[in-house]
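Per-entry structural report
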Amino acid sequence: MFTFPARLFSALLMIAVLALTGCQTAPQKGLTPAQIAVLKQQGFEATDEGWEFGLSGKVLFGSDIESLNNQSTEIVERIGKALLGVGIERVRVDGHTDASGKETYNQQLSLRRAKSVAKVLTTVGMKEENIQLRGLGSSEPVASNDTAAGRTENRRVSIVVSAD
C-alpha cells in the first residue's frame, strides 16, 4: 500500500523535472547579427581567432611607452562602451612591441600595454575577470622592424572578441 504512492510520487517528480528542463533555453553560441554589425562599425575585422580590432584602428604606443595617450584612451573607451552595449562582455587584449631591445623585456612591456588597455575597458564597465591579457612581445609583427614607420606599427595592442 505504501509503495504505490511512493512510486507515483517518484514518477510525477521525474515528469516535473523533465518538463522544467524542457523550458530552459541553452545559451546562444556565437555572435548575433547585431553584435557583428557593431564590431564592423567599430573597425573590427574577422580573423581566425575571432573579431580583432586590427590594422585600421589599432592602439599605438611610443617607443618603450606602456600608457595610452588621450586619443587612444578615447578609442578604447568608445570600443568598450559599444561592446557592452550589445552584450559583448568578454575580450582578449594582446599587447605587442617592435623588435628593439631584449625579448624578455619586450614580452613584459607588451603585457603592461595590454594591462593599460584593460584598465580603460574596466572604467567603462567591463569586468576585469572577463578580460584575458596576453603579452606577445615582438613575436607577431605587422610591419618590418627595419624602418621607424614599421616599428611604430608593431607597437600596438589588439582587442579580440571570440566568436564563441
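As a reminder, the structure under discussion sits directly above these lines.
What counts and how
For every chain, the first residue of its written sequence is number 1, and the numbers climb from 1 along that sequence. Given that this is a predicted model, residues contribute local features only at a pLDDT of at least 70 and side-chain atom pairs are listed and counted only at 80 or more, while totals for whole chains, interfaces and linings are drawn from all residues. Computation of side-chain values: all heavy atoms of the structure, hydrogens and water removed. To obtain each axis, a line is fitted to C-alpha atoms, and for helices this fit is confined to the stretch in contact; angles are then taken between N-to-C directions over 0 to 180 degrees. The helix count covers DSSP runs of H or I at least four residues long, the strand count covers runs of E at least two residues long, and both are numbered beginning at the N terminus. By the definition adopted for this analysis, an angle is roughly parallel if under 35 degrees, roughly antiparallel if over 145, roughly perpendicular if from 65 to 115, and oblique otherwise. Handedness of a helix crossing follows the sense of rotation of the near helix relative to the far helix, less than a right angle counterclockwise being left-handed and clockwise being right-handed. Any pair of residues with heavy atoms lying within 4.5 Å of one another is described as a contacting pair. When residues are grouped by polarity, Ala, Val, Leu, Ile, Met, Phe, Trp, Tyr, Cys and Pro land in nonpolar, Asp, Glu, Lys and Arg in charged, and all others, Gly among them, in polar. Residue types Ala, Val, Leu, Ile, Met, Phe, Trp, Tyr and Cys, when buried and joined through side-chain atoms within 4.5 Å, form a set referred to as a nonpolar core. For every residue, the accessible area obtained with a 1.4 Å probe (protein chains only) is divided by the maximum for its type, and the residue is called buried under 20%, exposed over 50%, and partly exposed between those limits. What a helix is expected to span follows from its residue count: subtract one and scale by 1.5 Å. Counted as a polar contact is a pair of N or O atoms within 3.5 Å, where, for protein atoms, one must be capable of donating a hydrogen and the other of accepting one, and residues adjacent in sequence contribute only when both atoms are in side chains. Should DSSP find at least two bridges between two strands, the strands are regarded as paired. Crossover handedness is defined by viewing with both strands directed away from the observer: a clockwise path from the first strand over the helix to the second marks the crossover as right-handed.

The next point concerns the packing of helix α3 (residues 70-85) against helix α4 (residues 103-123). Relative to each other, α3 and α4 sit at 50°, their axes nearing to 9 Å. With respect to α4, the axis of α3 lies oblique. Crossing angle aside, the handedness with which α3 passes α4 is right-handed. Here α3 contributes Thr73, Val76, Glu77 and Gly80 to the contact with α4, which in turn contributes Val117, Val120 and Leu121. A class-by-class count of the residues in the contact of α3 with α4 yields 4 nonpolar, 2 polar and 1 charged.

Glancing now at the nonpolar core. In summary, soluble globular proteins display a tendency toward joint burial of nonpolar side chains. Phe44, Leu83, Val91, Val117 and Val161 are the most contacted members of the largest nonpolar core, which totals 24 residues. Elements supplying a minimum of two residues to this core: β2 (50-53), α3, β4 (91-95), α4 and β6 (156-161). Excluding anything up to four places from it in sequence, Val117 contacts Phe61, Leu68, Val76, Val93, Val157 and Ile159.

A separate point is α3. With 16 residues, α3 extends 22 Å from end C-alpha to end C-alpha; this agrees with the ideal 22 Å at 1.5 Å per step. Among the residues of α3, Ser72, Thr73, Val76, Ile79, Gly80, Ala82 and Leu83 are the ones counted as buried. Where α3 begins, the side chain of Asn69 points an oxygen toward the backbone nitrogen of Gln71, at a separation of 3.2 Å. Where α3 terminates, the next one or two residues include Gly87, which has phi positive at roughly 80°.

Take unusual backbone geometry next. What is expected of a backbone is that most residues other than glycine have negative phi and most peptide bonds are trans. Its identity as a non-glycine residue notwithstanding, Asp64 has a phi of 60°, on the positive side. With respect to the helices and strands, Asp64 occurs in the loop between β3 (59-60) and α3.

One ladder, built from 5 bridges, connects β4 with strand β5 (residues 131-135); its direction is parallel. Of the residues in β5, the one forming a bridge with Asp94 is Arg134. Between the parallel elements β4 and β5, the chain passes through α4 in a crossover that is right-handed.

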